[in-house]
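# Observations on the model geometry
Here is how the chains run, residue by residue.
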Amino acid sequence: MRDTVLNLEESKIREVANAGMGRGDVLPFWFGESDEPTPEFIREAAIASLRAGETFYAHNLGLPELRQAISAYGSKLHGPIATDRIAVTSGGVNALMLACQAVVDAGDEVVVVTPVWPNLPAQARIMGARLKPVPLVPKEGAWTLDLQRLLDAITPSTRLLIVNAPNNPTGWTLSRAEQEAILAHCRRTGTWILADEVYERLYFEPTPNACAPSFLDVAQPEDRLVIAHSFSKSFLMTGWRLGWLVMPPNMTHHMGKLIEFNTSCASVFTQRAAVQAMQRTDEVTPRVVAHLKTCRDTLVPLLQGLPGVELSPAKGGMYAFFKLDGFDDSLALAKRLVAEAGIGLAPGNAFAPEAQGWLRWCFASKDVARLRQGVDRLATWLAR
């Protein structure tokens with residue numbers, strides 16, 4: 001096998017989860033997903049498709065009905081997005097990997113804003129890229145971007161910038177002004193931007209369109225910009241493995257070729273479900289966001305009340321990212337919390353070395369009482 005693959009670091013999140021899976025006494029908050037199932041009307045659309053015998057291959061780029069639904073959905077949020085810029089993918093992670101495959105060659109320089117979900121830098125590394133991390137900086141529990149430091153890191157030698165905002169794990173979000181500055185700079189350097197915006201609807205600040213700032217709001221269709229999205233978070237569809245890409249129109253046909261050589265296509269019955277999710281999004285996403293805000297506003301004050309906790313409420317996403325004074329090894333701490341406190345959290349150093357000592361708590365809980373129970377367990381453990 002390639003040395004790059006052999007040397008890939010295993011997921012520290014999975015390492016913690018594997019230590020606690022199957023234990024009924026552990027409250028799991030380690031993965032980035034809600035414990036609420038997909039709404040019934042979405043599931044019924046998939047069932048109807050299966051009963052109709054739709055078990056065959058589809059178009060590489062996705063069903064025309066779904067691409068049109070995505071176009072209408074995105075256009076409502078960000079202005080006109082034509083269907084010839086959209087490709088349906090087998091999950092958000094597949095969308096991100098396809099974007100890397102389309103843009104990155106071995107030896108290319110890739111700038112990535114960290115801490116970040118570990119799959120993002122790993123995908124560029126798999127392609128043989130040279131990574132240049134630009135870390136966010138924590139200030140009183142809130143992670144912030146040094147914009148000038150990022151712009152200085154992006155040069156004409158930089159092939160790709162990877163940025164995830166709203167950010168997993170920190171909840172940090174780019175402002176419109178920052179996006180405009182980054183886009184203008186990347187136009188000058190000829191750098192591609194890969195923006196992971198899967199959490200854009202899980203945004204708790206007041207905005208006219210109930211959505212986080214997006215590069216689509218400031219970019220032109222022909223810009224070197226690829227946006228990755230997923231049905232997982234805003235539509236409670238993590239296990240369905242369905243996502244999409246928005247890209248320059250002259251790139252879409254070639255992306256279809258890449259999809260052919262990766263997965264061929266997304267399954268028809270999952271796409272039928274996604275059409276229903278898109279057409280009836282107002283029955284799902286606003287309720288999901290309102291509930292997540294309740295979860296955040298329940299968990300964060302309780303954690304802030306514990307001794308030695310450094311934490312600021314996230315503007316977007318589904319995570320509380322916090323630091324415990326006196327604990328420098330996140331992975332060891334997360335494993336101890338599983339074994340000794342019955343709480344499953346993700347270790348901060350899974351997301352970047354600078355997040356060592358931090359923990360990520362996914363607060364997407366159908367029952368808010370589970371969050372209180374988890375904090376009670378953490379408080380008891382700290383007291384011991």
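To be clear, the structure that these remarks concern was listed above.
First things first, this report covers the structure right here in the doc.

## Brief notes about the sheet that holds strand β14 (residues 346–347)
Here we have 4 strands laid out as an open sheet, ordered β11-β12-β15-β14, and antiparallel in their pairing. With one partner strand each, in any of the chains shown, β11 (309–310) and β14 form the two edges of the open sheet. Pairing analysis gives 5 bridges linking strand β12 (residues 319–324) to strand β15 (residues 358–362), with the strands arranged antiparallel. Considered in β15, the bridge of F321 is made with R360. Across the sheet, helix α12 (residues 330–341) lies against β12, β14 and β15, angled at about 45° from β15, the strand it touches most. Here helix α13 (residues 368–383) sits on the sheet in contact with β12 and β15, set at roughly 155° to β15.

## Details of helix α11 (residues 285–304)
Residue pairs spaced three or four apart in an α-helix point in one direction, given the helix's 3.6 residues per turn. Under the 1.5 Å per step criterion, the end-to-end length of α11 is 28 Å for 20 residues, consistent within 8% with the ideal 28 Å. Turning to α11, its buried residues number three or more, namely T285, V288, V289, L292, C295, R296, T298, L299, V300 and L303. Here the buried face of α11 lies against β11, β12, β15 and α13.

## Things to note about the packing of helix α4 (residues 64–78) against helix α10 (residues 268–279)
Each packed pair of helices is defined by two parameters, the angle between the axes and the distance between the axes. One way to put it is that α4 packs onto α10 with a least axis distance of 9 Å and a crossing angle of 25°. One way to sum up the angle between α4 and α10 is to call them roughly parallel. Judged by the sense of rotation from one axis to the other, the crossing of α4 with α10 is left-handed. Listed contacts from α10 to E65, L66, A69, I70 and Y73 of α4 are Q271, R272, A274, V275 and M278.

## Here we look at the nonpolar core
In this structure, L66, I193, F231, L303, F322, W361 and L378 are the most contacted members of the largest nonpolar core, which totals 107 residues. It is α11 that contributes the most residues to this core, 7 residues altogether. If we skip the residues at most four places from it in the chain, W361 touches F29, L299, L303, M318, Y319, A320, F322, L345, L371, G374, V375 and L378. With 26 residues, the next largest nonpolar core counts A87, L96, V103 and L245 among its residues.

## A short note on the sheet that holds strand β9 (residues 225–230)
Sheets are built from strands paired through backbone hydrogen bonds, the pairs being either parallel or antiparallel. In spatial order, the strands read β2-β10-β9-β8-β7-β3-β4; together these 7 strands make up an open sheet with mixed pairing. A single partner strand is all that each edge strand has here, and the edge strands are β2 (86–89) and β4 (130–135). Going from strand to strand, the sheet's axes swing by 20° on average, the running direction of each strand aside. With 6 bridges joining them, strand β3 (residues 109–114) and β4 adopt parallel strand pairing.

## A word on the pattern of salt bridges
If you walk through the whole model with that rule in mind, you get 14 salt bridges. A salt bridge links K335 to E15; the shortest N-O distance between them is 2.5 Å. Taken together, the positions of K335 in helix α12 and E15 in helix α2 (residues 12–20) put the pair 320 residues apart, joining distant regions of the chain.

Rules used in this analysis
- Residues numbered from 1 in each chain as written.
- Predicted model: local features only at pLDDT ≥ 70, side-chain atom pairs only at ≥ 80, totals over all residues.
- Heavy atoms only, no water.
- Pairing = 2+ DSSP bridges.
- Helix = DSSP H or I, 4+ residues; strand = E, 2+ residues; numbered from the N terminus.
- Contact = heavy atoms within 4.5 Å.
- Axes fitted to C-alpha atoms, helices over the stretch in contact; angles between N-to-C directions.
- Expected span 1.5 Å × (residues − 1).
- Buried < 20%, exposed > 50% of the residue type's maximum accessible area, 1.4 Å probe, protein only.
- Parallel < 35°, antiparallel > 145°, perpendicular 65-115°, else oblique.
- Left-handed = near helix turned anticlockwise from the far one by under 90°.
- Core = buried A, V, L, I, M, F, W, Y, C linked by side-chain atoms within 4.5 Å.
- Salt bridge = Lys/Arg side-chain N within 4 Å of Asp/Glu carboxyl O.

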